[in-house]
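Coordinate inspection notes
So the chains spell out like this:
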Amino acid sequence: MKDQAASLRSLVSAPSGLDKIQRSGRSSKILTIASGKGGVGKSNFTLNFALALQTLGRKVLVFDADIGMANIDVLMGTSSPYNLYHLLYRQKSIQEIIQLGANGLPYIAGGSGMKELFSLSDRDLEFFAEQVEMVAQEMDYVIFDTGAGLSRENMKFIGAADECMIITTPEPTSITDAYALVKVMHGQENATPFRMIVNRVENEQESEQVADKIAGVAKRFLQTDIPLLGYVSEDPNVVKAVKRQVPYSLAYPHSKASRDIQRLALRYLAEPAVNEAGTLTGIRGFMKKWLRKTT
Ligand SMILES: Nc1ncnc2c1ncn2[C@@H]1O[C@H](COP(=O)(O)OP(=O)(O)OP(=O)(O)O)[C@@H](O)[C@H]1O
Ligand SMILES: [Mg+2]
């Protein structure tokens, strides 16, 4: 483990390594979508938010990092012949494991490779970092859709990102689980900034009430801010779209949920997350933070 960390650290700090590649291209922002409770709408949010950013002219890559049940494929009615596993075992290049989904949205299915990602050898992790870097320089955003809860894997994806969006619904169980997640992740060095999305709300006022509850407790007990980025309405078209295996923003572009996600994407671009001063962001920051706990 120590060797792996040392090697990657030199990769992220060497001017001839990632730095050189980074300067030659864009510096993509790495976003992780997370929730305390399962089934609150992360995967639907990830997909439709990514599509909304794409419509606004941004280059977005979605990475399905749900270890147990990969859903991004299913929500688009596509399937991936190759996933992270094929990359990690050098059977395919990163370009070959990127699939094009609805509206040509590029995505990577973690699949069976996700488990391997947490026990990579020194050389393999370096290879992975280089491959991801190659793609990230083409992108404005890389968005990780994670599974629910506080698994070691999710914490890694949250801790390494430039920003984490926490999805909750107005249900009390979802709210308390969202707070539990923030509490556990809070207090790390260069802590990932959090923003909240309230899904399945009756109206804007309900989203503000939910956000106030979480933000209030976080402020009081953790002295941290968790701003509300926006909300998505409860909308029967979401369920219909899931059944049709078409993202709701494409299947029902004028539905409430679609309008909400468009508004949310605009707001997201207008109000970028504030990272701690001096924090290394982008893929270099991601790899550096990824290694933080393995030393
Ligand atoms: N805005 C919404 N309006 C109505 N129903 C919704 C909305 N968002 C999500 N749902 C319902 O919730 C279900 C679960 O959504 P989704 O799969 O996106 O959740 P998830 O958080 O990714 O779940 P998991 O934790 O299992 O990964 C959807 O299939 C849909 O039926
Ligand atoms: Mg999901």
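Given the structure is predicted, the values throughout are model-derived calculations rather than measurements. (Residues numbered from 1 in each chain as written. Chains lettered and ligands numbered in written order. Predicted model: local features only at pLDDT ≥ 70, side-chain atom pairs only at ≥ 80, totals over all residues. Heavy atoms only, no water.)

What to know about the pattern of salt bridges
Considering all chains together, one arrives at eight salt bridges under this definition. With a shortest N-O distance of 3.9 Å, Glu171 and Lys37 are connected by a salt bridge. Taken together, the positions of Glu171 in the loop between strand S6 (163–168) and helix H10 (172–185) and Lys37 in the loop between strand S1 (29–34) and helix H3 (42–55) put the pair 134 residues apart, joining distant regions of the chain. For Glu171, a relative accessible area of 43% gives the class partly exposed. Accessibility expressed as a relative area gives 28% for Lys37, which makes it partly exposed. Across the pair Arg200 and Glu234 runs a salt bridge, and its minimum N-O distance is 2.8 Å. Residue Arg200 is located in strand S7 (residues 194–201), and its partner Glu234 is located in the loop between strand S8 (228–233) and helix H12 (236–244); the two are separated by 34 residues in the primary sequence. Given a relative accessible area of 40%, Arg200 falls into the partly exposed group. (Salt bridge = Lys/Arg side-chain N within 4 Å of Asp/Glu carboxyl O. Helix = DSSP H or I, 4+ residues; strand = E, 2+ residues; numbered from the N terminus. Buried < 20%, exposed > 50% of the residue type's maximum accessible area, 1.4 Å probe, protein only.)

Some points on the site of ligand 1
Taken together, 18 residues are adjacent to ligand 1, and Gly39, Lys42, Ser43, Asn44 and Ser233 come closest. The contact in question runs from a nitrogen atom of ligand 1 to an N or O atom on the side chain of Asn199, over 3.0 Å. Take Arg200: an N or O atom from its side chain is 3.3 Å from a nitrogen atom of ligand 1. About the coverage of ligand 1: the protein hides 84% of its 640 Å² of free accessible area. Within the residue set of the shell around ligand 1, elements represented by two or more residues are H3, S7, S8 and H12. A breakdown of the residues in the shell around ligand 1 according to their chemical character gives six nonpolar, seven polar and five charged. (Near = heavy atom within 4 Å. Polar contact = N/O pair within 3.5 Å; in protein donor to acceptor, adjacent residues only side chain to side chain. Areas by Shrake-Rupley, 256 points an atom, 1.4 Å probe, with all protein chains shown as cover. Nonpolar A, V, L, I, M, F, W, Y, C, P; charged D, E, K, R; others polar.)

Remarks on the confidence of the model for the protein chain
On average, the protein chain scores 87 in pLDDT, and the residues at 70 or more come to 90%. Throughout residues 14–24 the model reports pLDDT below 50, and contacts reaching past four residues in sequence, or to other chains, amount to 16 contacts. (pLDDT = per-residue confidence, 0-100. Contact = heavy atoms within 4.5 Å.)

Here we look at the side chain of Lys29
Tracing the chain through its elements places Lys29 in strand S1. One buried charged residue, Lys29, remains without a salt bridge, the closest side chain of opposite sign being Glu163 at 4.6 Å. Apart from residues no more than four positions distant in its own chain, Lys29 is found in contact with Asp140, Tyr141, Val142, Asp162, Tyr268, Ala273 and Asn275. (Lys, Arg positive; Asp, Glu negative; His and termini not counted.)

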